[in-house]
Amino acid sequence: MATEQRSFQLVVFGASGFTGQFVTEEVAREQVDPERSSHLPWAVAGRSREKLLRVLERAALKLGRPTLSSEVGIIICDITNPASLDEMAKQATVVLNCVGPYRFYGEPIVKACIENGTSCIDICGEPEFLELMYWKYHDKAAAKGVYIIGSSGFDSIPADLGVIYTRNKMSGTLTAVESYLTIHSGPEGMCIHDGTWKSAIYGFASQSSLRKLRNSSNLKPVPYIGPKLKKRWPVSFCRELGTYTIPFMGADMSVVKRTQRYLHETLEESPVQYAAYVTVGGITSVIKLMFAGLFFLFFVKLGIGRQLLIKFPWLFSFGYFSKQGPTQKQLDGSSFTMTFFGQGYSQGLSTDQNKPNMRICTQVRGPEAGYVTTPIAMVQAAMTLLSEASDLPTGGGVFTPGAAFSRTKLIDRLNQRGVEFSIISSSEV
């Protein structure tokens with residue numbers, strides 16, 4: 001990373017966007033953390049000074065910090081103006097990129113950061129963008145000694161570090177993990193801003209491009225230890241949790257698999273197989289979801305269908321996505337639980353012919369996923385990057401969170417801020 005003194009340790013790019021305003025608030029909290037031993041100079045960046053000032057004023061009011069606006073730098077830059085992005089990157093040690101969909105707006109930031117010796121963290125949940133950035137920029141980032149770390153929000157820090165946590169807590173060799181995400185909502189229900197909805201639409205529409213990217217990479221398969229993890233049916237019942245489940249369609253599978261490849265090939269660690277699911281409740285919920293899913297997939301394949309999905313998110317998502325995003329009451333009433341069921345072998349037992357004889361269950365629990373947990377995860381990833389350089393991968397590059405932070409204290413940092421990792425049970429069969 002940059003060794004010369006920069007004006008700002010952190011710059012929140014896209015601070016006036018829906019998610020960016022929550023990240024801005026979280027950096028402001030981190031700035032006055034009583035455990036901080038040094039000053040944290042930071043700035044917000046975007047196209048409109050007026051909008052950035054309004055975000056800082058709202059944060060000041062919410063946090064009871066009337067002088068906040070005068071403590072934070074403001075950088076005017078535009079994603080369509082490379083020179084302005086260069087100027088922003090030159091002033092920052094780490095850029096927190098909150099501008100999506102990343103498939104349209106992410107690459108100019110990655111490029112500007114690498115060219116100017118600046119590290120970058122994003123909260124992207126788009127596998128095609130994340131994997132493409134690795135192939136295009138890993139060597140360039142390594143040559144510059146900077147870290148480009150994607151998917152550092154709810155997608156996919158709980159899943160990626162959850163698998164690593166499970167591995168570290170098992171007394172033996174962990175060989176396979178299944179995760180089950182449960183979203184809890186309060187009496188006000190739940191809602192997600194339509195930026196996430198747009199990313200999902202474009203992601204499903206371009207699945208063929210992702211397949212081509214993966215096929216062209218010609219990566220040899222990562223070996224698996226013990227029996228191969230079986231895929232569950234598209235709708236299956238989880239007896240341990242007493243609920244029906246469907247495959248989780250986010251970036252977690254892509255991110256965890258990339259992390260496990262890195263840990264195996266670079267650090268010579270035993271790879272862990274992984275599958276991700278989300279709980280959906282009873283059979284009535286399953287039927288509703290099946291109809292909604294078929295409806296979505298039909299529309300997303302057609303150009304006019306995608307336009308309608310984007311224009312009317314509230315209608316086509318049955319109220320789950322909106323252009324306004326969640327209310328404060330909805331945020332306060334929501335939380336998530338991610339449960340990990342792992343299997344493996346006790347120490348000393350051969351993995352060649354024996355069946356797995358160890359079982360472990362862990363959990364990651366946290367507040368509302370998209371706009372409370374995501375800023376916490378992103379900001380703590382950035383603070384880890386700034387303060388634990390000796391425990392990061394040597395030399396820089398493009399990394400997943402698990403690859404970048406597997407040997408750091410990021411899990412401890414998250415535990416202290418309400419995103420809690422815990423062991424539920426561990427036993428020999």
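Described in the following lines is the structure provided in the data block. (Residues numbered from 1 in each chain as written. Predicted model: local features only at pLDDT ≥ 70, side-chain atom pairs only at ≥ 80, totals over all residues. Heavy atoms only, no water.)

Structural notes on the overall build of the protein
Item 1. On a plain count of helices and strands, the protein comes out with 18 helices and 16 strands.
Item 2. For a compact globule of 429 residues, the expected C-alpha radius of gyration is about 22 Å, and the protein comes in at 21 Å, within 12% of that figure.
Item 3. Looking at the 429 residues of the protein, the share that counts as buried comes to 53%.
Item 4. In the protein, the 44 positive side-chain charges and the 37 negative ones have mean positions that sit 7 Å from each other. (Helix = DSSP H or I, 4+ residues; strand = E, 2+ residues; numbered from the N terminus. Rg over C-alpha atoms; globule rule 2.2 N^0.38 Å. Buried < 20%, exposed > 50% of the residue type's maximum accessible area, 1.4 Å probe, protein only. Lys, Arg positive; Asp, Glu negative; His and termini not counted. Charge placed at Lys NZ, Arg CZ, Asp CG, Glu CD.)

Regarding the packing of aromatic side chains
Item 1. In this structure the tally under the stated criterion is 16 aromatic pairs.
Item 2. Summarising the aromatic geometry, the rings of tyrosine 134 and tryptophan 135 are spaced 5.2 Å apart at their centres and angled 80 degrees between planes, so their arrangement reads as edge-to-face.
Item 3. For tryptophan 135, a relative accessible area of 41% translates into the label partly exposed.
Item 4. With a centroid separation of 5.5 Å and an interplanar angle of 80 degrees, the aromatic rings of phenylalanine 204 and phenylalanine 296 are classed as edge-to-face. One end of the pair, phenylalanine 204, is in helix H9 (residues 194–205); the other, phenylalanine 296, is in helix H12 (residues 283–300), and 92 residues separate them in sequence. One exposure class covers both phenylalanine 204 and phenylalanine 296, and it is buried.
Item 5. Of the aromatic side chains, those joined through ring pairs into one cluster are Phe18, Phe22 and Tyr371. (Phe/Tyr/Trp six-rings, centres within 6.5 Å; stacked < 30°, edge-to-face > 60°.)

Observations regarding a nonpolar patch on the surface
Item 1. Residues Phe298, Leu302, Ile304, Leu308, Phe312, Trp314 and Leu315 make up a contiguous nonpolar surface patch of about 730 Å² in total accessible area.
Item 2. Broken down by secondary-structure element, the contributors of at least two residues to the nonpolar patch are helix H13 (303–311) and helix H14 (313–316).
Item 3. Relative to the helices and strands, phenylalanine 298 is located in helix H12. (Patch = residues over 30% accessible without salt bridge, like charges linked within 9 Å, V, L, I, M, F, W, Y side chains within 5 Å. Areas by Shrake-Rupley, 256 points an atom, 1.4 Å probe, with all protein chains shown as cover. Salt bridge = Lys/Arg side-chain N within 4 Å of Asp/Glu carboxyl O.)

Focus on a positive patch on the surface
Item 1. Residues Arg47, Lys51, Arg54 and Arg58 make up a contiguous surface patch of positive charge.
Item 2. Structurally, arginine 54 is set in helix H2 (residues 49–63).

Let's talk about the layout of surface pockets
Item 1. Size it by volume and the second largest pocket reaches roughly 490 Å³.
Item 2. Of all the elements in the fold, those that place two or more residues in the lining of the second largest pocket are strand E7 (172–184), strand E13 (335–346), strand E14 (358–367) and strand E16 (420–428).
Item 3. Per-element accounting of the lining of the second largest pocket gives the leading share, four residues, to E7.
Item 4. Residues that form the lining of the second largest pocket fall into these classes: ten nonpolar, five polar and six charged. (1 Å grid on protein atoms, 1.4 Å probe; cavity = no way out; pocket = protein on both sides within 12 Å on 5 of 7 lines; lining within 4 Å. Points joined across faces, edges and corners; volume = space filled by probe spheres on them. Nonpolar A, V, L, I, M, F, W, Y, C, P; charged D, E, K, R; others polar.)

Here's the deal with the pattern of salt bridges
Item 1. Summed over all chains, the structure comprises 16 salt bridges.
Item 2. Taking the shortest distance from any N to any O, the salt bridge between glutamate 25 and arginine 29 comes out at 3.9 Å. Placement of the pair is glutamate 25 and arginine 29 together in helix H1 (residues 18–31), with a separation of four residues, close to one helical turn.
Item 3. Judged by its relative accessible area of 8%, glutamate 25 falls in the buried class.
Item 4. Residue class for arginine 29 comes out partly exposed when judged on its relative accessible area of 35%.
Item 5. Of the charged contacts, one joins arginine 214 and glutamate 131 as a salt bridge, the two residues approaching to 2.7 Å between their closest N and O atoms. Of the two residues, arginine 214 sits in helix H10 (residues 207–217) while glutamate 131 sits in helix H7 (residues 127–144), which places them 83 residues apart along the sequence.
Item 6. Owing to a relative accessible area of 40%, arginine 214 belongs among the partly exposed residues under this scheme.
Item 7. Taken together, the shared-partner salt bridges connect Glu25, Glu26, Arg29 and Lys62 into one network.

What to know about the packing of helix H6 (residues 107–115) against H7
Item 1. Where H6 meets H7, the axes come as close as 10 Å, and the angle between the chain directions of the two elements is 10 degrees. Classified by the angle their axes make, H6 and H7 are roughly parallel. Within the contact between the two elements, H6 uses Glu107, Val110, Lys111, Ile114 and Glu115 and H7 uses Phe129, Met133, Lys136, Tyr137, Lys140, Ala141 and Lys144.
Item 2. For the contact of H6 with H7, the class distribution of residues is six nonpolar, no polar and six charged. (Axes fitted to C-alpha atoms, helices over the stretch in contact; angles between N-to-C directions. Parallel < 35°, antiparallel > 145°, perpendicular 65-115°, else oblique. Contact = heavy atoms within 4.5 Å.)

Considerations on the sheet that holds strand E2 (residues 42–46)
Item 1. Read across the sheet, seven strands follow the order E3-E2-E1-E4-E5-E6-E15 without closing on themselves; strand pairing throughout is parallel. Each edge of the open sheet is held by one strand with a lone partner, namely strand E3 (73–76) and strand E15 (397–399). Neighbouring strand axes in the sheet, compared pairwise and without regard to direction, differ in orientation by 20 degrees on average.
Item 2. Relative to strand E5 (residues 119–122), strand E4 (residues 92–97) runs parallel, the two sharing four bridges. Residue pairing across strands places leucine 96 opposite isoleucine 121, the latter belonging to E5.
Item 3. H2 contacts E2 and E3 of the sheet and is inclined by roughly 150 degrees relative to E3.
Item 4. Strand contacts of helix H16 (residues 369–387): strand E1 (8–13), E4, E5 and strand E6 (147–149), with the helix running at about 160 degrees to E4, the strand carrying the most contacts. (Pairing = 2+ DSSP bridges.)

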